[in-house]
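# Structure at a glance
Listed below are the residues making up each chain.
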Amino acid sequence: MSMQAKKRADYQPPAFSISDVKLDVRLHPTATNIISTLAVARNGSHDHALELDGDKLKLISVEVAGEAFEHFTQTDDKLVLENVPDTFTLTIVNEVDPQNNQALEGLYLSQNTYCTQCEAEGFRRITYYLDRPDVLATFEVTMHADKETYPTLLANGNLIDKGDNEDGTHWVKWQDPFPKPCYLFAMVAGDFDLLQDTFTTASGNDVKLELYVDKGKKHRGDFALASLKRAMKWDEETYGLEYDLDIYMIVAVDFFNMGAMENKGLNIFNSKFVLADQQSATDEDFFNVESVIAHEYFHNWTGNRVTCRDWFQLSLKEGLTVFRDQQFSADMTSALSNRIKHVRVMREHQFAEDASAMSHPIRPEEVIEMNNFYTVTVYDKGAEVIRMFHTLLGEDGFRRGMDEYFRRHDGQAVTCDDFVAAMQTATELDLTHFARWYSQSGTPVITTTTRYSEDSRLMDITIAQHTPPTADQGTKQPLFIPVAFDCIDSKGNHYSDVDSKVKDGVLMLDAPSVTLHFTEVDEPLIPVLLGNFSAPAKVKNALSVEQLLSIFKYANDAFNRWDALQSVYSWCIDEFEQGQGDQISASVWQALSDVISSEKDNLELLGECLVIPSFETLSQARVLVDPNTLNPARELFCKAFATQLEPELTNLYEAIETGTYAYNQQAVNARRCRNVVLGHLARTSKGAELTSEQFTSADNMTDSLGALKAAQGAVPETFETLMQQFEKTWNNDPLVLDKWFGLHATTERDDILSQLSLLQQHPQFTINNPNRVRAVIGTFAFFNTAGFHDKSGSGYKFVTDYLLKLDEVNPQVAARIVTPLTQWHNYAPAYQTLMKTQLNRLLGKEGLSKDLFEKVSKSLAYETISERI
Ligand code: B3K
Ligand code: ZN
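Not measured: the values here are computed from a predicted model.

Let's shift gears to the site of ligand 1. Around ligand 1 sit 14 residues, and of these Glu119, Glu262, Glu296, Asn371 and Tyr379 come closest. Within the contact set of ligand 1, a nitrogen atom lies 3.4 Å away from a side-chain nitrogen or oxygen of lysine 317. Contact between ligand 1 and glutamate 318: an oxygen atom at 3.0 Å from a side-chain N or O atom of the residue. Taken together, the elements giving at least two residues each to the shell around ligand 1 come down to β20 (260–261), α2 (283–298) and α3 (314–332). For the shell around ligand 1, the per-class residue count stands at 5 nonpolar, 4 polar and 5 charged.

Turning our eyes to something else, we now look at the side chain of asparagine 371. Within the secondary structure, asparagine 371 is located in the loop between β23 (366–367) and α5 (376–409). Take asparagine 371: its relative accessible area is 8%, and that puts it in the buried class. Ignoring sequence-local partners within four residues, the contact set of asparagine 371 consists of Glu105, Glu119, Ala120, Gln812, Arg816 and Asp851.

Another point: unusual backbone geometry. In the segment running from glutamate 119 into alanine 120, the intervening peptide bond is cis, with an omega of 0°. Looking at the element boundaries, alanine 120 is found in the loop between β11 (113–117) and β12 (137–146).

Further remarks concern the coordination of the zinc ion (ligand 2). In ideal tetrahedral geometry, four donors around a metal make angles of 109.5 degrees, whereas ideal octahedral geometry with six donors gives angles of 90 or 180 degrees. Taken together, the protein ligands of the zinc ion (ligand 2) are His295 (NE2), His299 (NE2) and Glu318 (OE), with distances of 1.9 to 2.1 Å. Written as a sequence motif, the donor residues of the zinc ion (ligand 2) are H-x3-H-x18-E. In this pair, histidine 295 sits in helix α2 while glutamate 318 sits in helix α3, placing the two residues 23 residues apart along the sequence. Judged by relative accessible area, histidine 295 falls into the buried class, the value being 7%.

Attention now moves to the sheet that holds strand β21 (residues 266–270). Taken in spatial order, the 5 strands make up an open sheet running β17-β18-β19-β21-β20, and their pairing is mixed. With partners counted over all chains shown, the strands left at the sheet margins are β17 (193–200) and β20, one partner each. Two elements, strand β18 (residues 206–213) and strand β19 (residues 247–253), share 5 bridges in a ladder whose sense is parallel. Counterpart to tyrosine 212 in the pairing with β19 is valine 251. Contacting β19, β20 and β21, α2 runs over the sheet at an angle of about 150° to β21.

What counts and how
Residues numbered from 1 in each chain as written. Chains lettered and ligands numbered in written order. Predicted model: local features only at pLDDT ≥ 70, side-chain atom pairs only at ≥ 80, totals over all residues. Heavy atoms only, no water. Near = heavy atom within 4 Å. Polar contact = N/O pair within 3.5 Å; in protein donor to acceptor, adjacent residues only side chain to side chain. Helix = DSSP H or I, 4+ residues; strand = E, 2+ residues; numbered from the N terminus. Nonpolar A, V, L, I, M, F, W, Y, C, P; charged D, E, K, R; others polar. Buried < 20%, exposed > 50% of the residue type's maximum accessible area, 1.4 Å probe, protein only. Contact = heavy atoms within 4.5 Å. Donors = N, O, S within 2.8 Å, 3.2 Å for Na, K, Ca; no water. Pairing = 2+ DSSP bridges. Axes fitted to C-alpha atoms, helices over the stretch in contact; angles between N-to-C directions.

The structure is reproduced here in structure tokens:
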């Protein structure tokens with residue numbers, strides 16, 4: 001196995017092309033036989049060998065133009081054919097072992113369902129091929145399997161033929177007319193319940209919609225199907241994009257490494273993002289189902305019709321598709337809470353990635369294991385970059401740019417530069433400088449410095465940008481940053497700069513710094529930056545608590561208002577960390593009480609405003625964090641918050657009407673706010689009573705889980721009792737039980753490690769199911785601050801022991817869960833040493849996967865890099 005990094009700069013077009021693929025697949029648990037017939041042609045004139053990718057395949061035979069072919073050599077990961085003709089038919093027969101494929105890449109069999117996962121490089125685990133996204137071919141697939149066990153046989157495109165054999169097997173033939181890269185190939189065989197519907201496109205084509213779910217789960221599929229129809233309609237209305245095949249299928253499976261996969265015409269989903277009903281799913285689950293369904297559907301144009309030239313361009317499809325799903329969700333639900341959600345992801349995870357050994361631009365420069373680059377940087381920061389295009393070009397300009405992109409590149413495999421070039425045609429601006437966002441990694445920091453002269457009544461505000469060096473890049477250049485800008489005084493008046501450098505509320509910051517001038521000013525003004533989070537940047541402002549509270553009161557932008565309060569909370573938590581929490585003045589508490597009374601009719605904003613910043617967000621704004629002082633300080637502040645505001649919170653809790661259950665925005669906002677408030681009240685003397693009461697009377701999962709979360713930590717005995725009841729109710733429903741696993745794994749308690757061991761012995765737990773592993777080990781490593789960062793290092797050791805086992809089974813999932821350990825440099829020195837000890841244990845493991853090797857070795861090498869930066 002090669003641990004060598006591939007570099008973006010080394011891209012070479014493929015030496016051969018494959019225009020047509022015919023696969024004949026005889027499904028068998030341990031010996032699935034595949035006959036692959038490929039139409040191959042040499043590109044240009046050269047005499048290179050044909051090098052096909054293959055991984056864990058048993059080769060049976062090779063034929064060229066119908067004749068046995070022997071001029072080939074085999075390595076670990078390649079089949080090399082020498083002296084092939086310029087155009088020829090290549091027939092390869094090989095075998096794979098789906099049952100023992102626990103990595104869940106390629107073709108695998110779990111719980112009696114065969115399914116595939118090919119992105120990024122999984123097709124080479126099915127057959128020998130040019131496994132790269134710039135080789136586009138039409139596919140025809142014939143599948144054979146036992147009819148009784150596997151009545152449903154699916155692949156991409158349209159069903160063109162089928163039949164029965166005498167031995168009890170049956171066969172089907174699928175044909176996909178659209179040339180595609182092999183990462184979009186899919187096959188499924190199983191026995192499912194089926195939900196069906198139709199969608200008529202704007203041009204009048206009837207599309208069959210089919211949703212395949214586990215037997216007995218049909219009633220949980222309606223919402224996903226309705227979401228799909230909403231997404232199809234939205235894409236027609238917003239981008240003029242219609243679906244292009246006669247059938248669109250979604251299959252939900254329980255064993256899946258990530259959320260879902262956009263295979264052409266045959267999406268495969270983690271059942272977590274399909275199944276939802278009032279009893280078993282929270283409002284957040286419903287939201288996620290709709291947004292993932294939409295995301296995969298939107299890929300049909302941004303990803304499938306126009307695909308990536310190479311994997312370094314991943315953000316071309318992912319950043320753009322995340323942006324599109326964010327726009328869709330904002331239209332279906334509400335803009336503000338969505339935006340806050342994205343900002344939390346950026347601050348909690350993406351900024352942390354930028355600051356870590358794994359930092360990379362949204363278009364990475366080098367990669368050892370591609371699966372490691374499905375990151376918050378490529379996806380979420382990538383979406384922020386698209387959002388900035390949208391800001392620069394405006395709604396209409398952006399649409400013109402998108403139209404141009406499809407006009408130029410439909411049916412092609414292209415680069416991020418091609419996308420920028422298409423956008424460029426739709427604007428007056430030169431996007432060359434802006435495009436630096438693709439090549440420069442790291443989080444820019446925007447600072448303001450102010451100069452006020454009482455005599456002349458003049459005020460200057462200088463806005464400067466600086467991007468600190470990152471592990472992958474020592475020097476940084478100024479970026480082109482759209483900074484949404486507002487300026488207020490303590491009475492709520494708004495001011496414009498005299499030179500109108502701020503246009504339509506946005507300052508285009510394209511230099512290291514810009515100074516804005518204000519006249520007729522009677523007090524120091526308060527700059528309000530990055531409204532609606534207009535750029536993926538940090539803002540450093542020396543604002544007082546009073547000024548932050550003025551922003552909350554008077555700023556126009558709801559995001560800025562929410563953000564100002566978050567900064568107030570963060571300041572309060574600092575006071576507690578320094579042992580002076582009791583010095584927070586009565587006026588601050590009064591202001592927080594006023595927040596509740598002034599916003600009581602805006603439960604969406606109020607709900608968000610009452611959320612105290614997470615440990616992860618707080619950590620990002622601090623250096624050398626000591627989790628064992630920051631975490632307790634946060635908890636002390638939460639307690640004080642509940643005590644100081646108990647009457648207001650109680651009234652609010654009682655006043656919020658949630659009524660009969662419905663999943664609509666108003667009801668979601670009400671439940672969300674009420675559950676946030678319950679989280680605070682759980683810390684008061686009424687905690688046990690209120691949480692049990694809500695748990696018992698709840699008729700939906702949002703409120704049951706809200707009660708459990710509130711009780712967790714605040715009223716441990718109640719929590720234990722309610723958790724037992726919950727388990728009894730849901731014992732046979734692994735998807736719901738994952739919530740229970742997650743709650744146990746994130747509970748602060750001294751014996752947490754023995755609890756985790758018990759959870760692993762639970763009959764529903766298995767190391768082979770990624771959802772279970774993430775629910776127990778993943779949530780512990782990511783979110784159980786006290787347990788994971790225990791001073792003794794026992795939390796780190798526990799996770800490492802598990803990763804050593806998991807790496808043998810599923811390296812992709814192991815490499816996700818190792819992330820918190822790789823961020824050791826964020827913590828105080830004593831923790832760093834303990835974390836590095838565990839990383840060294842991993843690195844020392846014989847046969848460590850590429851996935852873990854890349855992240856662990858980079859993380860350990862960071863020591864020398866961090867001295868340099
Ligand atoms: N494209 C897939 C992700 C594939 C991940 C491979 N490790 C899902 C998505 O982003 O839509
Ligand atoms: Zn995607």
